[in-house]
Amino acid sequence: MGSIWWIRRDLRLRDNLTLQKALETPPVLPVFILDPLLLKNAPERRLNFLFQNLHSLNKDLQSRGSNLVVRTGKPAEILESLLKETSADQILAEEDFTPYARMRSVLAGSFLPLKLVQGQLGTHPLESLKSSGKPYRVFGPFKKNWLAHIQSFESIPAPALVPTLQDIDSDGIPMGGADDLFPAGEEAAYKRLEIFLRKKVEFYHLTRDRMDLDGSSNLSPYFRFGVIGLRSAIFRSLEILKDENGRKNLLGIDAWLNDLIWREYHIHIMYHFPESRTQNFRSVYDGLLWINDQSDFQAWKVGRTGYPVVDAAMRQLNTIGWIPRQSRNIAASFLVKGLLIDWRWGEKWFRDRLLDGDLAVNVGNWQRAAGTGPDAAPFDRILNPTRQSKKYDPTGNYIRKWVPELAELDKDVIHGPWQKRAKAAGYPKPIIDHKFATERAVAAYQAAKDLIKL
Ligand SMILES: Cc1cc2nc3c(=O)[nH]c(=O)nc-3n(C[C@H](O)[C@H](O)[C@H](O)COP(=O)(O)OP(=O)(O)OC[C@H]3O[C@@H](n4cnc5c(N)ncnc54)[C@H](O)[C@@H]3O)c2cc1C
């Protein structure tokens, strides 16, 4: 008798449908498998965050009479061995939707009593389809359907007790350094959610894109690992709306939910079109001639393009592993359209550094920036980095923080120091002229489209 709770992207005790189900057949053995294939590809910073969160989850479990069993190796083999060691009769895991996670589940489920529980998303990708049975490709109709179909979310508290078989061997959890900006653990994540909903969400629709303000939730790394659950985040935001004075948050919460749905949209797209992780979603651009200049790529990577806002974004990414959304948009647009460098190069660079790096969400956003995605802006919409900088960092404080060479410059000069011949010792001149880059990109994209007409 008993259940193995195979933890993957649900590093939390509350809002956990899988744990809730497992507790119906106790004792429950919480297991996390350090899969060498995944570890090999994950950047150190993200691994540290994972390890810190495992420690925190273990503490939370210990205070409930349980403990986390960690094993290293191939998931199916480890689960098979744990079934024998515990005499459990089922393995429960939250369904995970990345191509690799699906493969792991199929493999383990082919000979083990594995049951998948959908608790990660608002709707399962197979339940959110057009009336024709085909998946949505465009965000607007996807969102409309999603809103119509989400099940009502209830609040599931963390269990008071998790009865667990003792004396099951566990490998140690690697240490992993603490991250002051993103402290580990469910407690920290839900506290952050609460502060966001109490203090920031009211203005979210106005400030989320401001790079010089802290206007967004900063919850993406926690969503990435399921340290916070999507369903409880939505539940809590809807509760806030019902509070006295809650209506003042309506526009902010509406915008925030919209962004959470974008996340889900990208996960659905990757589920239905897994080839899009490396292939253009719109094959019309397959013939696009990327320039892929190595020295341009190098300048972009290290934040020395001569465009202050791009450089601030890249230096922040390299330093803390997280950047605001508008910084991501500007840096991505600059790489693919400004420098004509293949979006796959940028996608990999980002994913290898982001704490929240997630295949589906990252690829989806990169394809969107490149104009190759299912719901991308027209190819001739090219972000002007200087204009974007003035609009979304009007004080210049974002640039000052990350590009110290420009710290003394006034806000009228800092967005384009070369335009005013400002002195900025050690800071490079722009590696490309924006007007030239725009014309070149439009010509390249148009040529790719013309190619398929031949
Ligand atoms: C080129 C590019 C690459 C990106 N790569 C990733 C990635 O690997 N992982 C990742 O989690 N996000 C990615 N994003 C989306 C977005 O930038 C981050 O989720 C967001 O900036 C995180 O900050 P936050 O938690 O304060 O978000 P908030 O503004 O508070 O939004 C709340 C949550 O909504 C989700 N969200 C917000 N915007 C988006 C979006 N455009 N697409 C999908 N989900 C969104 C995130 O889960 C986020 O935590 C990328 C965006 C771009 C333009």
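Not measured: the values here are computed from a predicted model.

Regarding its fold elements, the protein chain presents 19 helices and five strands. Expected size for 454 residues packed as a compact globule is a radius of gyration near 22 Å; at 23 Å, the protein chain falls within 12% of this value. For the protein chain, the C-alpha atoms occupy an extent of roughly 75 × 55 × 45 Å along the three principal directions. With 454 residues in all, the protein chain has 57% of them scored as buried. In the form shown here, the protein chain has an accessible surface area of approximately 20,300 Å², with 54% of it arising from carbon and sulfur atoms. Distance from the positive charge centre (63 side chains) to the negative charge centre (53 side chains) of the protein chain: 5 Å.

Here the focus is the environment of asparagine 16. Within the element layout of this structure, asparagine 16 appears in the loop between strand E1 (3–7) and helix H1 (17–22). Each C-alpha atom of the pair asparagine 16 and glutamine 326 lies 32 Å from the other, and the pair is 310 residues apart in sequence. Setting aside residues no more than four positions away along its own chain, asparagine 16 makes contact with Trp5, Asp10 and Ile156. Side-chain polar atoms of asparagine 16 contact the backbone oxygen of arginine 12, separated by 2.9 Å.

Strand order in this open sheet of five strands is E3-E2-E1-E4-E5, and the pairing throughout is parallel. The open sheet has two free edges, formed respectively by strand E3 (69–72) and strand E5 (114–117), since each of these has just one partner strand. Averaged over all pairs of adjacent strands, the angle between strand axes in this sheet comes to 30°, irrespective of strand direction. Its contacts with the sheet put helix H3 (residues 44–62) on E1 and strand E2 (28–34), and the angle it makes with E2 is roughly 170°.

What follows concerns helix H17 (residues 385–392). Along an α-helix, a turn takes 3.6 residues, which lines up residues three or four apart on a common side. Those residues of H17 not exposed but buried are Pro385, Thr386, Gln388, Ser389 and Tyr392. Buried positions in H17, seen along its axis, are confined to an arc of 160° and lie on one side of it. In H17, the exposed positions that point more than 90 degrees away from the buried face belong to Arg387 and Lys391. Against the buried residues of H17 lie helix H13 (308–320), helix H14 (325–338), helix H18 (397–402) and helix H19 (434–451). By the N-cap criterion, in which a side-chain oxygen at the helix start approaches the backbone nitrogen of a residue two or three places on, H17 is capped by asparagine 384, the distance to threonine 386 being 3.0 Å.

Before going further, it helps to spend a moment on the domain arrangement of the protein chain. Examined at the domain level, the protein chain breaks down into domain 1 (3–119), domain 2 (121–155 + 186–272) and domain 3 (283–451). Taken over C-alpha atoms, the centre of domain 1 sits 25 Å from the centre of domain 2. Facing 20 residues of domain 1, the contacting portion of domain 2 comprises 23 residues. Buried area between domain 1 and domain 2, both sides added, is near 2,000 Å², and the carbon and sulfur share of it is 52%. Taken as a group, Arg9, Arg14 and Phe97 account for 29% of the area that domain 1 buries against domain 2, more than any other trio of residues on that side. On the surface where domain 1 and domain 2 come into contact, there are two salt bridges. With a shortest N-O distance of 3.0 Å, arginine 14 and glutamate 186 are connected by a salt bridge. Where domain 1 touches domain 2, the interface holds eleven residue pairs in polar contact (both at pLDDT 80 or more). Those elements giving two or more residues to the side of domain 1 that touches domain 2 turn out to be H3 and helix H5 (99–109).

Cut-offs and rules
- Residues numbered from 1 in each chain as written.
- Predicted model: local features only at pLDDT ≥ 70, side-chain atom pairs only at ≥ 80, totals over all residues.
- Heavy atoms only, no water.
- Helix = DSSP H or I, 4+ residues; strand = E, 2+ residues; numbered from the N terminus.
- Rg over C-alpha atoms; globule rule 2.2 N^0.38 Å.
- Buried < 20%, exposed > 50% of the residue type's maximum accessible area, 1.4 Å probe, protein only.
- Areas by Shrake-Rupley, 256 points an atom, 1.4 Å probe, with all protein chains shown as cover.
- Lys, Arg positive; Asp, Glu negative; His and termini not counted.
- Charge placed at Lys NZ, Arg CZ, Asp CG, Glu CD.
- Contact = heavy atoms within 4.5 Å.
- Polar contact = N/O pair within 3.5 Å; in protein donor to acceptor, adjacent residues only side chain to side chain.
- Pairing = 2+ DSSP bridges.
- Axes fitted to C-alpha atoms, helices over the stretch in contact; angles between N-to-C directions.
- Arc of directions from axis to C-beta.
- Domains from an automatic or database assignment.
- Buried area = accessible area lost by both parts, 1.4 Å probe.
- Salt bridge = Lys/Arg side-chain N within 4 Å of Asp/Glu carboxyl O.

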